[in-house]
Amino acid sequence: MEQCILQIALDTPLDFCFDYRWTGAPGASLPLVGQLALVPFGRREVAGVIVALAEKTEVPLDKLKDVLAVRAQLAPLSDTWLALCAFAADYYQRPLGEVMVPGLPKNLRASKTTSLDRALKKLGKALPGHDATPAAVPILNAAQQAAADAIADGVGFSPSLLYGVTGSGKTEVYLQAAAQLLAQHGAQPNPAQILILVPEINLTPQLEGNVRARFPGLAVVTLHSGLAEGERLTHWLAAHLGQARIVLGTRLAILASLPHLRLIIIDEEHDPSYKQQEGLRYSARDLAVWRAHQLGIPIVLGSATPSLETWQHAQSGRYRKLELRERAVKDAVLPTVRLIDMERDKPTEGITSFLISALKLRLERGEQSLLFLNRRGYAPVIACDACGWISNCTRCTAFMVLHKPDRRLRCHHCGLEHRVPRACPTCGNIDIQPLGRGTQRIEESLTNIFPEARITRIDADSTRRKGSAQAAFATVHRGEIDILIGTQMVAKGHDFQNLTLVGVINPDTALFSQDYRAGERLFAQLMQVAGRAGRVARKEGGSPSEVLIQTRYPQHPLYAAVMAHDYDRFASALLAERQQAALPPFIYQALLRAEAKELKTGLDFLQFAATCLAHPGITINDPIPMTMTRVANVDRAQLLVESASRPALQAFLKRWIMVLRATKTRARWSLEVDPVDI
Ligand code: ADP
Ligand code: ZN
Ligand code: ZN
């Protein structure tokens, strides 16, 4: 009989691996590190990853349980994959099993192996490429060519920032760099794999189409949360077995097993959706850079408005800066950005007369317009003038939002909803009024102003059904829509062909936000949404596309930078401010959050946490209630810790979390490293 002890990482809140006994027939080969194993855990059977083989264990023999099965039919996960997970667990202060296991497809972790065996059999016949004729490859302009060459020729770990204005043809650079690299490393036995990360696949199906059309002979798979379990399993396996040559995925794809990974591309690297906001709160962008470094391969971070972190690395020379200053399509030019002073041109129903004329002009010319307003619903609040009643959520520090089409008041934070009251619940006044404007209200106003126009709204409410967002965008692309109204969902990535006007309804609130990143985000959003206009050649003698921003603060420097399309200057100014104020990226932060029925419980825990350890080189701020203190009847508080040294912060966090884990409290707490929402 062959026997050994396996150390297995399981998805539990406990920060250690578990020992199990494995017994095999005489002469059987031992399990391998990186293989999956099914084990009993409590009353359940769960799957975990074998991280080590041992000869002995400290678990008493009568407590030691047997491994139920080892998934020997599946090639083990590589050492580099295990090391990536170990790094993430260590850096984000989470249990190893929690990093490794939940990201594996459910069908891989199931007790029964029917799905796995079936999928393996299917893949045994090798994943088919698509036999279409390859799409015509555009000839790159000089700047694109230089960028693509620089990426493909990168030796070892070579990070680049592809800094290109909207419409400069970054996608084309990715595709041709990828093609060059695949040509260099295409030969058997280990043909190269390429990982392309995007913020959202469902909103931008264009890219997937482009990739498939460009590489018709190659297996291209997607990895994102919208996949059905069966698809997820085959796609994941295709990546793991090295058959998928291009993997196109959202943030979760950064933890995929890719044994022959040779290039990582991160499109729109500044996008907040690369940050996971619960559980393992990782930054896919940061892990991607680590992974490229670990493997000694090139990585490209592309954006028209890079994150300040990335920008700083490019300025300091750590990342190579590849610039595309012009739009790729001949005669397509960046739109002219203008501000409409709302103090002078008083809006009716939220829209200024200047914007109305501009919309009218587009309708006459048969061109499309886009109105951007980052607030869904009809009105953010309703109120009673007579007694001052206001539609507060009873469970959150937030207002209930009016959703007029369904006649509901809805809390966007806890999901509570009820019917719109006919009269003020406090004084009975029947004249209760919506205050402020969301996308539904703008849609209503526009329908009144332009009854003949074809208007559509795209936001989280209008696109609840699966596939409905894609269908809505398709109508815009087909030219069946004159005016599109939407939230940030419409701002990203779309290559609209006939859009010549972008109106921004009310961006001012972000100027005065407490969140120090609000300015950076607003700037990126405005540049992105502005980038939807004027993407095709301007007609002869035609006027350039326009972006009209309605504001009460036309003097604000942020808007001046947007008007000048001047990210460089804006970023440099912001970086200088951040340095002065000792904010990231000049300082490293971690945030401890605590939630409880009563605020005091959380604050007490944080108070203890603030004082429980000596902390030279670390600044521990005061525990404070979060700005939106109450959500779904739970009070939330936070404690920010900072250090000028990342290693010092990491060392502190390691000791700290041990103490915190051993602390009894009724508060639910979590630690986030490199928080983005403070
Ligand atoms: P970005 O991602 O930088 O905003 P895209 O990759 O969407 O820009 O490209 C914008 C448009 O330019 C697309 O329609 C694309 O097909 C076109 N394009 C890109 N490169 C070239 C080129 N070298 N010649 C002609 N058109 C190009
Ligand atoms: Zn009232
Ligand atoms: Zn609520």
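Cut-offs and rules
- Numbers given to residues run from 1 along each chain, matching the order in which its sequence is written.
- Chains carry letters and ligands carry numbers; both start at the beginning, A for chains and 1 for ligands, and go up in the order they are written.
- pLDDT decides what is reported in this predicted model: residues at 70 or higher carry local features, side-chain atom pairs at 80 or more are listed and counted, and totals for whole chains, interfaces and linings draw on all residues regardless.
- Computation of side-chain values covers all heavy atoms of the structure but excludes hydrogens and water.
- Each helix corresponds to a stretch of at least 4 residues labelled H or I by DSSP, and each strand to a stretch of at least 2 residues labelled E; elements are numbered beginning at the N terminus.
- Burial here depends on accessible area, computed with a 1.4 Å probe over protein chains only, as a share of the maximum for the residue type. Under 20% is buried, over 50% is exposed, and the range in between is partly exposed.
- Contacts: residue pairs with any heavy atoms within 4.5 Å of one another.
- For the accessible areas, the method is Shrake-Rupley and the probe is 1.4 Å, while residue cover comes only from the protein chains on display.
- Each metal site is built from N, O and S donor atoms within 2.8 Å (3.2 Å for Na, K and Ca), and since water is not included, such sites may look incomplete.
- Irregular is the label for any site that misses the other tests, which are tetrahedral for four donors with all angles between 85 and 135 degrees, and square planar for four donors or octahedral for six when opposite donors exceed 155 degrees and the remaining angles lie between 65 and 115.
- Two strands pair if DSSP finds at least two bridges between them.
- To get an axis, a line is fitted to the C-alpha atoms, and for a helix only the part in contact is used. The angle between two axes follows their N-to-C directions and goes from 0 to 180 degrees.
- Here a residue is near a molecule or strand as soon as one of its heavy atoms is found within 4 Å of it.
- Throughout this description, a polar contact denotes any pair of N or O atoms lying within 3.5 Å of each other; where both atoms belong to protein, one of them has to be capable of donating a hydrogen while the other can accept it, and for residues adjacent in sequence the pair is counted only when both atoms sit in side chains.
- One speaks of a salt bridge when a side-chain nitrogen belonging to Lys or Arg is within 4 Å of a carboxyl oxygen belonging to Asp or Glu.
- Where a domain begins and ends is set by an automatic assignment or by a domain database.
- Buried area counts how much accessible surface, traced with a 1.4 Å probe, disappears from two parts once they are put together, with both parts' losses summed.
- Residue polarity is assigned by list, with Asp, Glu, Lys and Arg as charged and Ala, Val, Leu, Ile, Met, Phe, Trp, Tyr, Cys and Pro as nonpolar; anything else, Gly included, falls into the polar class.
- The way it works is a 1 Å grid over only the protein atoms, where trapped points that fit a 1.4 Å probe form a cavity and open points with protein on both sides within 12 Å along at least five of seven lines form a pocket, and then any residue with an atom within 4 Å of a point lines it.
- Grid points are joined across faces, edges and corners, and a volume is the space filled by probe spheres set on the points.
- Think of it this way: a Phe, Tyr or Trp ring, Trp meaning its six-membered ring, pairs with another when their centres are within 6.5 Å, and the plane angle makes it stacked under 30 degrees, edge-to-face over 60, tilted otherwise.

1. Examining the overall build of the protein
Helix and strand counts for the protein come out as 18 helices and 28 strands. Taken over the C-alpha atoms alone, the protein extends approximately 85 × 65 × 50 Å along its principal axes. Split into buried and exposed, the 678 residues of the protein put 52% on the buried side. Look at the contacts in the protein between residues 6 or more apart in sequence, and 75% of them connect residues 24 or more apart. Accessible area for the protein stands at about 30500 Å²; split by element, carbon and sulfur atoms hold 53% of it.

2. Regarding the coordination of the zinc ion (ligand 3)
Surrounding the zinc ion (ligand 3) are the protein donor atoms Cys 393 (SG), Cys 396 (SG), Cys 411 (SG) and Cys 414 (SG), which sit 2.2 to 2.4 Å from the metal. One can describe the donor arrangement at the zinc ion (ligand 3) as tetrahedral, given that its four donor atoms subtend angles of 104 to 113° at the metal.

3. Focus on the sheet that holds strand S20 (residues 455-458)
Through backbone hydrogen bonds, the strands of a sheet pair up, either in parallel or in antiparallel fashion. Sheet architecture is open: six strands sit in the order S13-S23-S22-S14-S21-S20, paired in parallel fashion. Edge positions in the open sheet fall to strand S13 (336-341) and S20, since each of these has one partner strand only. If you compare each strand with its neighbour and ignore which way they point, the axes differ by 20° on average. Sheet analysis places strand S14 (residues 368-372) next to strand S21 (residues 483-486), joined by four bridges and oriented parallel.

4. Some remarks on the coordination of the zinc ion (ligand 2)
Distances from the zinc ion (ligand 2) to its protein donors, Cys 384 (SG), Cys 387 (SG), Cys 424 (SG) and Cys 427 (SG), fall within 2.2 to 2.4 Å. For the zinc ion (ligand 2), the four donor atoms in the first shell make angles of 104 to 113° at the metal, a pattern classed as tetrahedral. For the zinc ion (ligand 2), the donor residues sit on a single chain with the sequence spacing C-x2-C-x36-C-x2-C. One end of the pair, Cys 387, is in the loop between strand S15 (381-384) and strand S16 (401-403); the other, Cys 427, is in the loop between strand S18 (417-419) and strand S19 (432-435), and 40 residues separate them in sequence. A residue is classified by how much of its surface remains accessible, and Cys 387, at 37% relative accessible area, is partly exposed.

5. Remarks on the site of ligand 1
The environment of ligand 1 is made up of 16 residues, and the closest members are Ile 139, Gln 144, Gly 167, Thr 171 and Asp 495. Backbone polar atom of Gly 167 to an oxygen atom of ligand 1: 2.6 Å apart, as the coordinates give it. Notes on ligand 1: free accessible area 570 Å², of which the protein chains cover 76%. Considering every element that reaches the shell around ligand 1, the biggest residue donor is helix H6 (residues 170-184), with three residues.

6. Points about the pattern of salt bridges
Pairs can form between side chains of opposite charge once their charged atoms are near each other. The full count for this structure, using the stated rule, is 40 salt bridges. A salt bridge links Asp 406 to Arg 410, with the nearest nitrogen and oxygen atoms 3.0 Å apart. Using a relative accessible area of 15% as the deciding quantity, one classes Arg 410 as buried. Across the pair Glu 520 and Arg 578 runs a salt bridge, and its minimum N-O distance is 2.8 Å. One end of the pair, Glu 520, is in helix H14 (residues 518-530); the other, Arg 578, is in helix H16 (residues 567-580), with 58 residues separating them in the sequence. Both residues of the pair, Glu 520 and Arg 578, belong to the buried class. One salt-bridge network, in which partners are shared between bridges, spans Arg 338, Arg 362, Arg 365, Glu 367 and Glu 546.

7. Here's the deal with the domain arrangement of the protein
Under the domain assignment, the protein is made up of domain 1 (2-102), domain 2 (142-324), domain 3 (336-378 + 437-574) and domain 4 (588-673). Averaged C-alpha coordinates put domain 1 and domain 4 at centres separated by 31 Å. Taken together, the contact pairs seven residues of domain 1 with eight residues of domain 4. Overall, the association of domain 1 and domain 4 removes approximately 740 Å² of surface from exposure, summing both partners, and the carbon and sulfur fraction of that is 43%. When the buried area of domain 1 at its contact with domain 4 is split by residue, Tyr 91, Tyr 92 and Gln 93 rank highest and sum to 71% of it. Taken together, the links from domain 1 to domain 4 amount to two salt bridges. Between Lys 654 and Asp 90 there is a salt bridge, and its shortest N-O distance comes to 3.4 Å. Run the count over domain 1 and domain 4 and you get five residue pairs in polar contact (both at pLDDT 80 or more). In terms of residue class, the side of domain 1 that touches domain 4 is built from three nonpolar, one polar and three charged.

8. Here's the deal with unusual backbone geometry
Residue Pro 585 follows Pro 584 across a cis peptide bond; omega there is 5°. Structurally, Pro 585 can be placed in the loop between H16 and strand S24 (588-596). Not every positive phi belongs to a glycine, and Arg 407 is a case in point at roughly 50°. Relative to the elements of secondary structure, Arg 407 occurs in the loop between S16 and strand S17 (408-410).

9. Observations regarding the environment of Gln 193
Inspection of the secondary structure puts Gln 193 in strand S7 (residues 193-197). Separated by 71 residues in sequence, Gln 193 and Ile 264 have C-alpha atoms that sit 9.1 Å apart. Setting aside its immediate chain neighbours within four residues, Gln 193 contacts Ala 238, Ala 239, Gly 242, Gln 243, Ala 244, Arg 245, Leu 258, Pro 259, His 260, Leu 261, Arg 262 and Leu 263.

10. Details of the environment of Gly 156
Within the secondary structure layout, Gly 156 lies in the loop between helix H5 (142-152) and strand S6 (158-164). What Gly 156 contacts, discounting residues up to four positions off in sequence, is Gly 296, Ile 297 and Pro 298.

11. A few points about the layout of surface pockets
Of the volumes computed, that of the second largest pocket is approximately 360 Å³. In this structure, the second largest pocket is lined by 14 residues; those nearest its centre are Leu 402, Lys 404, Arg 407, Val 420 and Pro 421. For the lining of the second largest pocket, the element with the highest residue contribution is S19, accounting for three residues. Considered class by class, the residues forming the lining of the second largest pocket number seven nonpolar, one polar and six charged.

12. What to know about the pairing of strand S11 (residues 298-303)
With six of its six residues buried, S11 lies for the most part within the structure. Burial of S11 is two-sided: the residues Pro 298, Val 300 and Gly 302 facing one way and the residues Ile 299, Leu 301 and Ser 303 facing the other way are all buried. In terms of strand pairing, S6 meets S11 through six bridges, oriented parallel. Looking across to S11, one finds that Pro 159 is bridged to Ile 299. With three bridges connecting them, strand S10 (residues 261-266) and S11 associate as parallel partners. In the sheet register, Ile 264 faces S11, and the bridge partner there is Ile 299.

13. Remarks on the packing of aromatic side chains
Taken as a whole and assessed by the stated rule, the structure comprises 13 aromatic pairs. Aromatic side chains Phe 16 and Phe 18 sit 5.1 Å apart centroid to centroid with 55° between the ring planes, which places their arrangement in the tilted category. On the basis of an interplanar angle of 15° and a centroid distance of 4.1 Å, the ring pair of Phe 523 and Phe 570 is categorised as stacked. Here Phe 570 lies in helix H16 and Phe 523 lies in helix H14, a separation of 47 residues in the sequence. In this pair, the class of Phe 523 matches that of Phe 570, namely buried. Here the aromatic residues Tyr 163, Trp 311, Phe 523, Tyr 567 and Phe 570 are joined through ring pairs into a cluster of three or more.

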